[in-house]
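Structural overview
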Amino acid sequence: MQEKQEQERLLVSGSEALLRALIDEGVDTLFGYPGGQAIPIYDSLYDYSGQLRHVLVRHEQGATHAAEGYARVSGKVGVAIVTSGPGATNTITGIADAMIDSTPIVVIAGQVPSSLLGTDAFQEIDVIGITQPITKWAYQIRKPEDVAWAVARAFYIASTGRPGPVVLDFTKDAQVGQVHYVHQKANNIRSYQPYPPIDAHRITEAASLINAAAKPFALVGQGVILGRAEKELKAFLEKADIPAASTVMGLSAMPTDYRLNKGMIGMHGNVAPNRKTNECDLLIAIGLRFDDRVTGQLETYARQAKVIHFDIDLSEIGKNVPVDLPVLGNVKETLPAVTALLHPALRPAWVDSFKTGEEEEFLKVIAKETHPQSGPLRMGEVVRKISEACEGRAILATDVGQNQMMALRYFRYTQTRSVVTSGGLGTMGYGLPAAIGAKIGAPERPVCLFTGDGGLQMTIQELGTIMQEHLDVKIILLDNSRLGMVRQWQELFFGKRYSATTLANPDFVAIGKAYGLRSRRVSERAELDKAIAEMFASDEAYLLVAEVENDGMVYPMVPAGASITNMLMGD
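These remarks concern the structure in this document. This one's a predicted model, so the numbers in the text were calculated from it and none came from an experiment.

1. Some points on the environment of Gly-516
- Take Gly-516: it is sitting in the loop between α24 (508–514) and β19 (518–522).
- When its relative accessible area of 58% is taken as the criterion, Gly-516 is described as exposed.
- The spacing of Gly-516 and Glu-16 is 500 residues in sequence and 35 Å in space, taken between C-alpha atoms.

Dropping the structure here:
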C-alpha cells in the first residue's frame, strides 16, 4: 500500500518530470523565455519557484549566452528554456558559440505535438536537424517516459570529456502526458568515451622530452580550466621551471603576476611569447586546439621545436599543427603523472630571455595605450584603471572586437574562471547576457563588462533583465562610434576604404537611465578616476560610457596568414 501511494505521489506530467530531473542534476537557475509550445513547462515551474530560479531574458539568444556565462564562472551546466519555432532558432548562435568554446549548456526547446510533426504546423521547425551539427547531442523527447532518461543523458554528455552544448526538443504531448517519475543518473553511455585511457608510455616519453629540453615553452588553453587542473599546471611549471603563456580562452588559469606567466599568445597577444613560440626547442600545448588566431601561418609555426600536445579530444591532435607526442586524457590526471617524472630544474636564462620582448612591447605599445599623456581617452587606459580598482578580484566579461582585445590584454586576474568572452565564434552581442549569467553564477564576485557600441546594441534589450533581476553588473561601454575592429582591418589591409563602419549612436546614458541603471558619460581624462570611483561606490548596476578615440588601433597585431612573429606595433 505504501509503495502504491509513493508511486501515486510521483505520478506527474512530463513538464514536472523535467523540472524534477533538473533539480536532481543540481540545477538551481534557468534562463528562458516562455511561448506557446513551452507553456506547460512554465505552468509546472509556477510550483517550483522556491527550488528553481527563472531569469526572464528579453531574447532567446540572451538566454543561451547567459547560460554560457553562468557555466563559465560556476563550473556547472547552464540551462536555457525556450519555445518552439523562432524561440528555438534564436538560440542557434549561442549554441554554436558554446560548441566551439566547449561550454556546457543544455537548451530545452518546446515543440509542437508529435501528431503535428512534419505538417508545417504553426511555429514548427526541425530543431534536431538544425542543431545536430553544432551540439554534442540533440534529442527529441516524444514521450513523458523518456524525460528522466533524456535529461540525465543530456547533463552527462554536456559536462563530461570535452564539454559542450546539448539540445532537448520537447514535444507538447510529452510535456502534458503523465509519468511515474523516477530519478535516473547517467554514469556511462555505450560508445561514448569522454575520458580516453592514459597511455603510461606516452607519459614517460613526455617527461623525457621535457627533461632533455633546454628551452621548453608551455601554451595554456581552456582545457586546464575545464579540467580544474590549475594547481596541477602550476606544480608542473614550477618543477621544471617552464615559462608559459595563455590562449584567449586559457586566460586566468594562471594569475597575471605569476612569475612564469608570460602573457597571451595569438593575433593580439604579447610580443615575447609569440616570438618564443618560434625560438623554443620544445612546445608543450596543454588543453588547446591550435586555432588559426593562435598559430598564424602554419608553415612557419614552431617548426624548430618538438611538440607535445596534452588534450582530452583525439580529434584535435594533429588537426592543425603536427604533433611529435600526443598525451591523451584529462590534464588533471596527465599533468601530475608527467610532473612526477620530471627532474627539478632551473632555467633562469631562458625565463629571463622573455624580458627583451616585454620591454620592447611596453615602450612601443603598452605605455602609449595605458598611460597616454595627451589626446582623447584610450581604451587601454580605461581598462587599466578599472582593473586597478578591482585589485584582481573581478570577473571580466567582454563583447567582441577592439573592446575585447583591449580588455583581455590589460585586465588582471588573481583567480581562475575570471574571463567570460566569446573566443572561437567571436559573437558580437555576447557580452551583456554573458555578464548577467556570470553575476548569477558567482554573485559574490564583482563583474565588469567591457563592450563596444556596436556589440552592445545587438543585445541591449538585456538591460531589462539586469533591471528586473537587480544585478550589480558594472558595464563599461568603450564608445568610439565605430565598428572598431573592422575599421582597423580596413585601415591596415583595405587601403583605408572605411565602408559601413561608422555608427550614429543613441544617447546611451539616457537608455541606461530608462532601464533604471545609474549611468554616466565621461570623455575627459581628468574625469575618469572620479567616474570609476563613483561606479564602484554603488552596489547597483552601473553603465559607464567612456568616449574613446574614434580611430584607435589594437597592437600588437599579427596580420591574418602571417607568421606569428610578424607583429605590427603601430607607429
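2. Brief notes about the sheet that holds strand β3 (residues 53–56)
- Spatially, the six strands line up as an open sheet ordered β3-β2-β4-β5-β7-β6, and their pairing is parallel. Across the chains shown, the open sheet's two edge strands, defined by having one partner strand only, are β3 and β6 (137–141). Here the strands of the sheet are splayed against their neighbours by 20 degrees on average, with no regard to which way each runs.
- In terms of strand pairing, strand β4 (residues 78–82) meets strand β5 (residues 105–111) through five bridges, oriented parallel. Within β5, the residue paired with Val-82 across the bridge is Ala-109.
- Sheet strands touched by helix α2 (residues 14–24): β2 (29–32), β5 and β7 (166–171). Its angle to β7, the strand with the most contacts, is close to 155 degrees.

3. Side note on empty space enclosed by the protein
- Within the structure shown, the criterion is met by two cavities of 30 Å³ or more.
- Taken as a whole, the largest cavity holds about 70 Å³ of empty space.
- When its volume is computed, the second largest cavity comes out at roughly 50 Å³.
- Put simply, the parts of the chain that give the lining of the second largest cavity at least two residues each are α5 (86–89), β5 and α7 (127–131).
- Among the elements that line the lining of the second largest cavity, the one with the most residues is α7, at three residues.
- The residue makeup of the lining of the second largest cavity, split by class, is seven nonpolar, three polar and no charged.

4. As for the packing of aromatic side chains
- The tally for this structure, following the rule as stated, stands at twelve aromatic pairs.
- The interplanar angle of 70 degrees and the centroid separation of 6.2 Å between the aromatic rings of Phe-236 and Phe-310 together place this pair among those described as edge-to-face. Taken together, the residues Phe-236 in helix α12 (residues 230–240) and Phe-310 in strand β13 (residues 306–311) connect sequence positions 74 residues apart. Just as Phe-236 is buried, Phe-310 falls in that class too.
- Cluster of aromatic residues (ring-pair linked, three or more members): Trp-137, Tyr-139 and Trp-149.
- Over the ring of Trp-137 we find Arg-153; its NZ or CZ atom is 5.0 Å from the centre of that ring.
- Note that Lys-276 overlies the ring of Phe-354, its terminal NZ or CZ placed 5.7 Å from the centroid.

5. Brief notes about helix α23 (residues 484–493)
- Inspection of α23 places Gly-484, Met-485, Arg-487, Gln-488 and Gln-490 among the buried residues, and these make up the whole buried set.
- Turning to α23, the residues buried within the fold contact α19 (402–410).
- Where α23 ends, the next residue or the one after it, Gly-495, has phi of about 60 degrees, a positive value.

6. Concerning the sheet that holds β13
- What the six strands build is an open sheet, ordered β11-β10-β9-β12-β13-β14; its pairing is parallel. Both edges of this open sheet fall to β11 (261–264) and β14 (325–328), since each of them pairs with a single strand only. Mean inter-strand twist for the sheet, computed between neighbouring axes without regard to direction, equals 20 degrees.
- Two elements, strand β9 (residues 216–220) and strand β10 (residues 244–246), share three bridges in a ladder whose sense is parallel. Within the sheet, the bridge partner assigned to Leu-219 lies in β10 and is Ala-245.
- Taken strand by strand, helix α15 (residues 331–339) contacts β12 (282–286), β13 and β14, and its axis lies near 135 degrees from that of β13.

Reading the values: rules and limits
Residues numbered from 1 in each chain as written. Predicted model: local features only at pLDDT ≥ 70, side-chain atom pairs only at ≥ 80, totals over all residues. Heavy atoms only, no water. Helix = DSSP H or I, 4+ residues; strand = E, 2+ residues; numbered from the N terminus. Buried < 20%, exposed > 50% of the residue type's maximum accessible area, 1.4 Å probe, protein only. Pairing = 2+ DSSP bridges. Axes fitted to C-alpha atoms, helices over the stretch in contact; angles between N-to-C directions. Contact = heavy atoms within 4.5 Å. 1 Å grid on protein atoms, 1.4 Å probe; cavity = no way out; pocket = protein on both sides within 12 Å on 5 of 7 lines; lining within 4 Å. Points joined across faces, edges and corners; volume = space filled by probe spheres on them. Nonpolar A, V, L, I, M, F, W, Y, C, P; charged D, E, K, R; others polar. Phe/Tyr/Trp six-rings, centres within 6.5 Å; stacked < 30°, edge-to-face > 60°. Lys NZ or Arg CZ within 6 Å of the ring centre and 35° of its normal.

From the geometry alone we can't say anything about function, so treat these as descriptive.
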